[in-house]
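# Tertiary structure, described
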Amino acid sequence: MTIAISLKDVHKVYANGSEALKGISLDVEQGDFFALLGPNGAGKTTIIGIISTLVNKTAGSVEVFGKRVDTHIYETKLDFGVVPQEINFSQFERVRDIVMTQAGYYGLPHKLASQRCEKYLRKLGLWEKRNERSRTLSGGMKRRLMIARALVHEPRLLILDEPTAGVDIELRRSMWEFLTEINNKGTTIILTTHYLEEAEQLCRNIAIIDEGKIIEKTSMKSLLADLDSQVYILDSAAELPAQLSLDLSNTGLRRIDGHSFEVTVSGDQSINEVFSRLDQQGVQVSSMRNKTNRLEQLFLARLRDS
Amino acid sequence: MFANHKLIAFETIVIKEVRRFSRIWLQTLVPPAIMITLYFVIFGNLVGRRIGEMGGFQYMEFIVPGLIMMSVIQNSYSNVVSSFFSHKFQRSIEELLVSPVPNYVILTGFIAGGMARGLAVGAIVTITAMFFTDLSIQYPWITIAVILLTSIVFSLAGFINAVFANSFDDISIIPTFVLTPLIYLGGVFYSSQLLPPFWQFVSGLNPIFYMVNTFRYGILGSSDVNVYWAFLILGVFIGVLYSSCIWLLRRGTGIRS
């Protein structure tokens, strides 16, 4: 399997003396949808800055598709596109000009640039806004414009630094669909996000970073399998019986009100058994939901452990 | 990056720069024309009639080359310093830095943008001057060469200012406290032959003095300086400033963490 990006023992000490990265080593395979998670100030944006050459590393090496970014500057830069955390296009330019300018920086001839510009602006729902000044766009549109701009040279690797921050849920989901689509077509994606649900929905592999170190790197599946238990909130259409008991080992029950209760199910327990016991007591469950995001529980646990 | 890709990237930067100063033409192209018209009316016409001749020419004729050069210097400088600093301020410089555009193409693109504005304003001022005096160029190639090289020098200087600038104040300090005095003391309005020997020597330390006089030589055929010496100075300035800009870009000073 080809490695899309490889970081080896990367260190970063800023001019003010703060050590942002303390020896990060990380491989992301081609075609992966990879999440980089961590609390604020963990070093996620510094990693992205170093890959995209906006931040000078203090030590270590970074390779993109087998080529070092500091010795094969031009080849490696053609291979990736970056969507930064903060809006970084001119607020006075027109939407189309921003994408066309970026295409020009990558040496795309005008005709091809024009076709790609239309393709990605249409895909991201911005074609109708192409002649508007970028400052008139909504926050979500600005984020989509940055994605269109990053894709105009059709890179093999797309790096997104919190691309859905401040975007409403409907738009976020449409962006997820779009990112899944381009990942399915072969683009490797590295994503940092504060929305853990986003990482859980989209990503196959994950690294958790804290205080400049990677504290966990695994597949999303095996990470979620580590969950000891899950907490569900169940609602009953009818009034709950006064005495409600599951009588199951490793399973807890807590009444919330007359119609709702909370059930904690251990990893080796089947939820079907819970339903069966409830059924025996005449409780008909009308709805059920996770009390907390599963990944969030793990994330917080890992940070505590580290 | 292939040569044709670099050429497209260069064109893109230049088009973006020209589009930027053309979009705000009321701030970039009109004020110099108004200011220079006032110079012609007040200094050239009203005051100039009382002065009579300067360096063997009517005062109006004498100041025209200096005023054209002053416009080119100020506008080449201010275009690059304000544009590059705006890119830094809005972080749109990151678009360029993550792309495969080589540093020398980035620099050359901004320099070409600065030259485009400097020469556009120079052309406006020249046309304005034609309403006040007959303008005939004695040495066209010297005139063209010196104006192009001067706009390169001040575009490069503007670039260095922008690299180190951290606020909008920082991009106006050098033009106000360094550039303007050097221009005014660079023989735009007077011949250095009027000065006592000591101040003639001090004028000789001002690089703008050589640029203004060489340009005047190209237009009027008369100069206070050796033209070859002036071209050498321009060449040295371009070499030193260009190397410094490339070094700063490579280090990432002011633009990379």
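All residue numbers refer to positions counted from 1 along the written sequence of the respective chain. Think of it this way: whatever chain is written first is A, whatever ligand is written first is 1, and the rest follow in order. A pLDDT threshold of at least 70 governs which residues receive local features in this predicted model, and a stricter bar of 80 or more applies before side-chain atom pairs are shown or counted, although totals over entire chains, interfaces and linings include all residues. With hydrogens and water set aside, each side-chain value is computed from the structure's full complement of heavy atoms.

### Thoughts on the interface of chain A and chain B
Taken together, the 32 residues of chain A in the interface contact 24 residues of chain B. The buried area of a pairing is the accessible area, by a 1.4 Å probe, that goes missing from both parts when the two are put together, added over both. Interface of chain A and chain B: buried area, both sides summed, is about 2,600 Å²; carbon and sulfur atoms make up 52% of it. Three residues, A:Leu54, A:Tyr74 and A:Tyr105, lead the burial of chain A against chain B; their summed loss comes to 30% of the area buried on that side. The term salt bridge refers to a pairing of a side-chain nitrogen on Lys or Arg with a carboxyl oxygen on Asp or Glu at a separation within 4 Å. For the salt bridge of A:Glu93 with B:Lys16, the shortest nitrogen-to-oxygen distance reads 2.7 Å. By definition, any uninterrupted DSSP run of H or I lasting at least four residues is a helix, any uninterrupted run of E lasting at least two residues is a strand, and each is numbered from the N terminus. For the side of chain A that touches chain B, the secondary structure elements donating two or more residues are helix H2 (73-79) and helix H3 (95-105) of chain A. In this count, Pro and Cys sit with the nonpolar residues alongside Ala, Val, Leu, Ile, Met, Phe, Trp and Tyr, while Asp, Glu, Lys and Arg are called charged and the others, Gly among them, polar. A breakdown of the residues in the side of chain A that touches chain B according to their chemical character gives 15 nonpolar, 10 polar and seven charged. Only heavy atoms matter for contacts: two residues are in contact if any of them lie within 4.5 Å across the pair.

### Quick word on the sheet that holds strand E6 (residues 80-83) of chain A
Strand pairing in a sheet relies on backbone hydrogen bonds, with the paired strands running either antiparallel or parallel. Residue and element names in this part refer to chain A. When DSSP finds two or more bridges between two strands, those strands count as paired. Read across the open sheet, the six strands follow the order E6-E7-E8-E3-E9-E10; overall the sheet is mixed. Sheet topology places E6 and strand E10 (213-219) at the edges, where each strand pairs with a single neighbour. Pairs of neighbouring strands in the sheet enclose a mean axial angle of 15°, with direction left out of account. As judged from the five bridges shared by strand E7 (residues 157-161) and strand E8 (residues 188-192), these two strands associate in the parallel manner. Looking across to E8, one finds that Leu160 is bridged to Leu191. The strands touched by helix H1 (residues 44-51) within the sheet are strand E3 (33-37), E6, E7, E8 and strand E9 (205-210), with E7 carrying the most contacts at an inclination of about 145°. This element, helix H5 (residues 139-151), spans E6 and E7 of the sheet and lies at about 165° to E6. The convention used is that axes are lines fitted to C-alpha atoms, helices contributing only their stretch in contact, and that angles between N-to-C directions extend from 0 to 180 degrees.

### Re the side chain of A:Asp32
Structurally, A:Asp32 is set in the loop between strand E2 (19-29) and E3. A relative accessible area of 6% means that A:Asp32 is categorised as buried. Categorising residues by exposure relies on relative accessible area from a 1.4 Å probe, with only protein chains included: less than 20% of the type maximum marks a residue as buried, more than 50% marks it as exposed, and the intermediate range marks it as partly exposed.

### Digging into the nonpolar core
Core analysis: the biggest nonpolar cluster contains 121 residues, and A:Leu121, A:Leu145, A:Leu158, B:Leu67 and B:Phe159 have the highest contact counts within it. In terms of residue count, helix H4 (residues 59-89) of chain B provides more of this core than any other element does, 16 residues in total. Excluding its chain neighbours within four sequence positions, the residues that come into contact with A:Leu121 are A:Val95, A:Arg96, A:Val99, A:Leu126, A:Trp127, A:Arg130, A:Leu145 and A:Ala148. Counting 27 residues, the second-largest nonpolar core is a separate cluster that includes A:Ile5, A:Val10, A:Val64 and A:Phe80. We call a set of buried residues a nonpolar core when its members are Ala, Val, Leu, Ile, Met, Phe, Trp, Tyr or Cys and they connect through side-chain atoms within 4.5 Å of each other.

### Description of the pattern of salt bridges
Residue and element names in this part refer to chain A. Per the counting criterion, the structure on display carries 16 salt bridges over all chains. Its salt-bridge partner being Arg204, residue Asp32 comes within 4.0 Å of it at the nearest N-O pair. In this pair, Asp32 is assigned in the loop between E2 and E3 and Arg204 in the loop between helix H7 (196-202) and E9, connecting sequence segments 172 residues apart. Arg204 gets classed as partly exposed once you look at its relative accessible area, which sits at 40%.

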